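What follows is the residue order along each chain.
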Amino acid sequence: PAVRFSNGGTTGITYSTQHGVYTKIGRQVICRGEITLTSKGSDTGYFAITGFPYNEGNYGGNLAIGGSSQGWYYNMANWEKWFTLDMFSNDDVAIWRGGNTGNSNNDRNNSDVTDTTNLAFVVHYFTDE
């Protein structure tokens, strides 16, 4: 796994830990990973994890196509609420948290990530491949 920001940026991002494994059973893909940054770099926008082995399936509408959980996260700002990972139609997963009121959700972005952010996660989803 790797990190990028919404502008596609990876400038200056470095890691001390960057591990990931996956299992594919039929169309279901289960990925586990851990990332520890030594520098978050200089790019801006929403925080995303990339490098998943398959693209998500194209099911249309608002069908749930995957889910996620996190084992832990350290050295991240403004993470007072539980977060989820939102799979896109490529190999990116954006991280967001539930808002403080109502149904608002907020993308996590470069200002929420530090130079020593550590994140462990599990993502499962379905692919057309």
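Our subject is the structure that appears above.
As the structure is a prediction and not an experimental result, all values here were calculated from the model.

Student: An account of the overall build of the chain is needed here, citing residue identities and associated values.
Tutor: Scanning the chain from N- to C-terminus turns up zero helices and nine strands. Listing the helices and strands of the chain from first to last along the sequence gives β-β-β-β-β-β-β-β-β. Of all 129 residues assigned to the chain, the portion counted as buried reaches 36%. Carbon and sulfur atoms form 47% of the exposed surface of the chain, whose accessible area is close to 6,700 Å².

Student: I'd like a description of the packing of aromatic side chains, backed by residues and values.
Tutor: Taken as a whole and judged by the stated rule, the model has four aromatic pairs. A ring pair is formed by Phe-5 and Phe-47, whose centres lie 6.0 Å apart and whose planes are at 40 degrees; its orientation type is tilted. In this pair, Phe-5 sits in strand S1 (residues 2-5) while Phe-47 sits in strand S4 (residues 47-50), placing the two residues 42 residues apart along the sequence. Neither residue differs from the other here; Phe-5 and Phe-47 are each classed as buried. Members of the aromatic cluster, connected to one another through ring pairs, are Phe-52, Phe-121 and Tyr-125. Positioned above the aromatic ring of Tyr-54, the side-chain terminus of Lys-24 is 5.3 Å from the ring centre.

Student: Can you explain the nonpolar core? Please cite residues and give values.
Tutor: Counting residues in hydrophobic clusters, the biggest one holds 17 residues, and the most contacted among them are Val-3, Phe-47, Phe-52, Phe-121 and Tyr-125. Among the secondary structure elements, those contributing two or more residues to this core are S1, strand S3 (28-40), S4 and strand S9 (113-126). Considering every element that reaches this core, the biggest residue donor is S9, with five residues.

Student: Any chance you could break down the environment of Lys-24 for me, citing the residues and the numbers?
Tutor: Position of Lys-24 relative to the elements: it lies in strand S2 (residues 13-25). Sequence-wise, Lys-24 and Phe-126 are 102 residues apart; in three dimensions their C-alpha atoms are separated by 9.3 Å. In this structure, Lys-24 is in contact with Val-29, Tyr-54, Thr-127 and Glu-129, ignoring residues within four places of it in sequence. In this structure the side chain of Lys-24 is engaged in a polar contact, spanning 2.6 Å, whose partner is the backbone oxygen of Gly-26.

Student: Please give an account of the pairing of S3 that cites residues and values.
Tutor: Judged from the 12 bridges that link them, S2 and S3 form a sheet pairing that is antiparallel. Residue pairing in the sheet places Gly-20 in a bridge with Gly-33 of S3. In textbook terms, the turn of a hairpin is the stretch between consecutive antiparallel strands, and for S2 and S3 this stretch comprises two residues, one of which, Gly-26, has a positive phi near 60 degrees. With nine bridges connecting them, S3 and S9 associate as antiparallel partners. Considered in S9, the bridge of Gln-28 is made with Phe-126.

Student: Report on the side chain of Asp-43, specifying residues and quantitative values.
Tutor: By the element assignment, Asp-43 lies in the loop between S3 and S4. Although Asp-43 lies buried, it forms no salt bridge, and the closest oppositely charged side chain, Arg-4, sits 9.1 Å away as judged by the N-O distance. Polar contacts involving the side chain of Asp-43 include one to the main-chain amide nitrogen of Thr-11, which spans 2.7 Å.

What counts as what
Residues numbered from 1 in each chain as written. Predicted model: local features only at pLDDT ≥ 70, side-chain atom pairs only at ≥ 80, totals over all residues. Heavy atoms only, no water. Helix = DSSP H or I, 4+ residues; strand = E, 2+ residues; numbered from the N terminus. Buried < 20%, exposed > 50% of the residue type's maximum accessible area, 1.4 Å probe, protein only. Areas by Shrake-Rupley, 256 points an atom, 1.4 Å probe, with all protein chains shown as cover. Phe/Tyr/Trp six-rings, centres within 6.5 Å; stacked < 30°, edge-to-face > 60°. Lys NZ or Arg CZ within 6 Å of the ring centre and 35° of its normal. Core = buried A, V, L, I, M, F, W, Y, C linked by side-chain atoms within 4.5 Å. Contact = heavy atoms within 4.5 Å. Polar contact = N/O pair within 3.5 Å; in protein donor to acceptor, adjacent residues only side chain to side chain. Pairing = 2+ DSSP bridges. Lys, Arg positive; Asp, Glu negative; His and termini not counted. Salt bridge = Lys/Arg side-chain N within 4 Å of Asp/Glu carboxyl O.

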